[in-house]
Amino acid sequence: MSLYDDAVLVLKGYEGQDELRQSYLDHLAAHADGMWKACHAGHVTASALVIDPERGRVLLTLHRKLRMWLQMGGHCEPGDATVAAAALREATEESGMTGLTLLPGGPVRLDRHPIPSPCHWHYDVQYAALAPSGAVEVISDESLDLRWFAYDEVAGVADDSVVRLLAAVRARL
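A brief structural summary. The structure displayed is predicted, hence computed values, not measured ones. (Residues numbered from 1 in each chain as written. Predicted model: local features only at pLDDT ≥ 70, side-chain atom pairs only at ≥ 80, totals over all residues. Heavy atoms only, no water.)

1. Quick notes on the overall build of the protein chain
Secondary structure assignment for the protein chain yields five helices and eight strands. In the protein chain, the succession of helices and strands from N to C terminus is α-α-β-β-β-β-α-β-β-β-β-α-α. In summary, the protein chain has a C-alpha radius of gyration of 15 Å against a globular reference of 16 Å for 173 residues, a match within 12%. Among the 173 residues that make up the protein chain, the fraction classed as buried is 47%. Intrachain contacts of the protein chain at a sequence separation of at least 6 include 67% that bridge at least 24 residues. Split by element, the accessible area of the protein chain, about 8,400 Å² in all, is 53% carbon and sulfur. Charge-centre separation for the protein chain: the mean point of 15 positive side chains lies 3 Å from the mean point of 24 negative side chains. (Helix = DSSP H or I, 4+ residues; strand = E, 2+ residues; numbered from the N terminus. Rg over C-alpha atoms; globule rule 2.2 N^0.38 Å. Buried < 20%, exposed > 50% of the residue type's maximum accessible area, 1.4 Å probe, protein only. Contact = heavy atoms within 4.5 Å. Areas by Shrake-Rupley, 256 points an atom, 1.4 Å probe, with all protein chains shown as cover. Lys, Arg positive; Asp, Glu negative; His and termini not counted. Charge placed at Lys NZ, Arg CZ, Asp CG, Glu CD.)

If you want it as structure tokens, here you go:
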């Protein structure tokens, strides 16, 4: 199965955010290359909020280009077999942690947001990644900083999309 086919199956099976979910499916139906950064009409991305539920905290990255505290994530790559695998790869690369596991149940949220030219939209499929006990974060080249934030600190440092993602993750836990 191709990554494109996996994305369509994941989105068809995703419950909630019906109008937004349909816009993702419509985008993919109109753009055979809609999984890839080269699709300037927009493309599917995959992200994961790294969470430590035992300590009530999340790991955010200070994104190098955007200079915002965000969850780990980014573009799908040809080696990604599934959207979930892309999210886990991104979370592992950007956090430097080994042993992350995705929270069962598939994506937690969808978030479509505009991006600078030449592209127009990121159709982000958002997961949660559970940090293993004792894991140590290591900053990547894509980040200016990595930092753990208590749940109640997130709204003070991150934008509304991260706050909504955290709320959805906590509801699923």
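2. Considerations on the layout of surface pockets
Each pocket or cavity is described by its volume, and for the largest pocket that value is around 910 Å³. Around the largest pocket, the lining is made up of 33 residues, and of these His63, Leu66, His75, Ile115 and His122 lie nearest the centre. At the level of secondary structure, the elements contributing two or more residues to the lining of the largest pocket comprise β1 (43-52), β2 (57-63), β4 (72-75), α3 (83-95), β6 (109-114) and β7 (121-130). Residue contributions to the lining of the largest pocket peak at four residues, all from β4. Along the lines of polarity and charge, the residues of the lining of the largest pocket split into nine nonpolar, 12 polar and 12 charged. Volume-wise, the second largest pocket comes out at about 180 Å³. As for the second largest pocket, its lining consists of Asp52, Pro53, Glu54, Arg55, Arg57, Ala131, Pro132, Ser133, Gly134, Ala135 and Trp148. Residue composition of the lining of the second largest pocket, grouped by class: five nonpolar, two polar and four charged. (1 Å grid on protein atoms, 1.4 Å probe; cavity = no way out; pocket = protein on both sides within 12 Å on 5 of 7 lines; lining within 4 Å. Points joined across faces, edges and corners; volume = space filled by probe spheres on them. Nonpolar A, V, L, I, M, F, W, Y, C, P; charged D, E, K, R; others polar.)

3. Some remarks on the environment of Leu70
With respect to the secondary-structure elements, Leu70 resides in strand β3 (residues 69-70). Note on Leu70: relative accessible area 14%, which makes it buried. Here the alpha-carbon distance between Leu70 and Ile51, two residues 19 residues apart in the chain, equals 13 Å. Not counting chain neighbours up to four residues away, the residues in contact with Leu70 comprise Leu60, Thr61, His63 and Val162.

4. Here we look at the pattern of salt bridges
Tallied over the full model, the rule gives seven salt bridges. The salt bridge involving Glu93 is made with Arg89; its shortest N-O contact spans 3.3 Å. In this pair, Glu93 and Arg89 both sit in helix α3, four residues apart, roughly one turn of the helix. Its relative accessible area of 37% is what places Glu93 among the partly exposed residues. Relative accessible area serves as the criterion here: at 16%, Arg89 is assigned to the buried category. Asp111 serves as the salt-bridge partner of Arg164, at 3.6 Å between the closest nitrogen and oxygen. Of this pair, Arg164 sits in helix α5 (residues 160-172) while Asp111 sits in strand β6, placing them 53 residues apart in sequence. Residue classification places Arg164 among the partly exposed positions, given a relative accessible area of 38%. (Salt bridge = Lys/Arg side-chain N within 4 Å of Asp/Glu carboxyl O.)

5. What about the packing of aromatic side chains?
The tally for this structure, following the rule as stated, stands at two aromatic pairs. Ring geometry for Tyr24 versus Tyr123: centroids 5.1 Å apart, planes at 85 degrees, classification edge-to-face. Here Tyr123 lies in strand β7 and Tyr24 lies in helix α2 (residues 18-30), a separation of 99 residues in the sequence. Relative to Phe149, the ring of Trp69 has its centre 5.0 Å away and its plane inclined at 75 degrees; by these criteria the two rings are edge-to-face. With Trp69 in strand β3 and Phe149 in strand β8 (residues 143-150), the pair connects residues that are 80 residues apart, well separated along the chain. Across the pair, exposure class does not vary: Trp69 and Phe149 are buried alike. Of note, Arg57 hangs over the ring of Trp148, and the distance from its end group to the ring centre comes to 4.0 Å. Lying over the aromatic face of Trp121, Arg112 brings its terminal NZ or CZ to 4.1 Å of the ring centre. (Phe/Tyr/Trp six-rings, centres within 6.5 Å; stacked < 30°, edge-to-face > 60°. Lys NZ or Arg CZ within 6 Å of the ring centre and 35° of its normal.)

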